[in-house]
Amino acid sequence: MALFGLINGGYSSMIAWLAPYYQEQGWSNAQSGALISIMAISQGCGAVALPLLARRRPDRRRWLWATIAMQATGFAGLAFAPAVVPLFWPAICGIGLAGSFALCLIVALDHLPRPEQAGPLAALMQGGGFLLASMPPFILARLHEGTGGFAAGWIMHLGWIAVAAALVLRLDPAGYGSAMDLPPASSTAEARA
């Protein structure tokens, strides 16, 4: 739930504050709004491509770290070099945000052997995670108010995705059974027979 909330908080902040951020730098409404479109198109690509790439291995941590690295690249670019390649920052961030969203859903389903068991876990993850994800735009607004700029908010997201990267360590498939208090795999197979 914490991982899901931390990575999706970036999406909430990007939707709320990306266009105003660039408007403060002199971009028009249309130009800054186009960045949201670029992010959305990139998200569509990331949401489809990254789960497809990750499907061959049950350990999805490497792919989650890759999506977090993409987000870190985007947020760092927004914080420290927004004018350098302004179309790239929302694009790479969008791929990372959507890819991590999709992979988190898959990881929740990976924890339990049957979909009807995994559904409530996925619902809990999303319900609590989206509550957490709703807070960053408000915090970013306060940081903007206090500092006079958006960079502190983008740096805040760098800190949160660093925490998310550490949480990914716990997503070892070998530990799912004990985390969910399931009997060992051999007992489950014998029970089905």
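The rules we used
Residues numbered from 1 in each chain as written. Predicted model: local features only at pLDDT ≥ 70, side-chain atom pairs only at ≥ 80, totals over all residues. Heavy atoms only, no water. Helix = DSSP H or I, 4+ residues; strand = E, 2+ residues; numbered from the N terminus. Contact = heavy atoms within 4.5 Å. Areas by Shrake-Rupley, 256 points an atom, 1.4 Å probe, with all protein chains shown as cover. Patch = residues over 30% accessible without salt bridge, like charges linked within 9 Å, V, L, I, M, F, W, Y side chains within 5 Å. Salt bridge = Lys/Arg side-chain N within 4 Å of Asp/Glu carboxyl O. Buried < 20%, exposed > 50% of the residue type's maximum accessible area, 1.4 Å probe, protein only. pLDDT = per-residue confidence, 0-100.

What am I meant to see in the overall build of the chain here?
Across its full length, the chain carries 9 helices and 0 strands. Overall, the chain shows an N-to-C arrangement of helices and strands of α-α-α-α-α-α-α-α-α. The long-range share in the chain, meaning contacts at least 24 apart out of those at least 6 apart in sequence, stands at 75%. Just so you have it, the chain exposes about 9600 Å², and 68% of that area is on carbon and sulfur atoms.

Can you walk me through a nonpolar patch on the surface in this structure?
A cluster of nonpolar side chains, contributed by Met1, Leu124 and Leu132, occupies part of the molecular surface with about 290 Å² of accessible area. As for its position among the elements, Leu124 is in helix α5 (residues 115–133).

What exactly am I supposed to notice about the pattern of salt bridges here?
When the charged atoms of two side chains with opposite charge come close together, those side chains can pair. If you walk through the whole model with that rule in mind, you get 2 salt bridges. The residue Asp59 makes a salt bridge to Arg61 at a minimum N-O spacing of 2.6 Å. Residue Asp59 is classed as partly exposed on the basis of its relative accessible area, which comes to 27%. Under the relative-accessibility criterion, Arg61 is labelled buried at 16%.

Just to check I follow, could you spell out the confidence of the model for the chain for this structure?
The predicted coordinates of low-pLDDT regions are not to be read in fine detail. Looking at the chain as a whole, the pLDDT averages 87, with 90% of positions reaching at least 70. The low-confidence segment residues 186–193 (pLDDT under 50) makes 2 contacts with residues lying over four places distant or belonging to another chain.

I keep staring at the environment of Arg55 and nothing clicks. Help me out?
Tracing the sequence through the fold places Arg55 in the loop between α2 (29–54) and α3 (61–80). Take Arg55: its relative accessible area is 47%, and that puts it in the partly exposed class. Taking the C-alpha atoms as reference points, Arg55 and Ile106, separated by 51 residues in sequence, lie 9.4 Å from one another.

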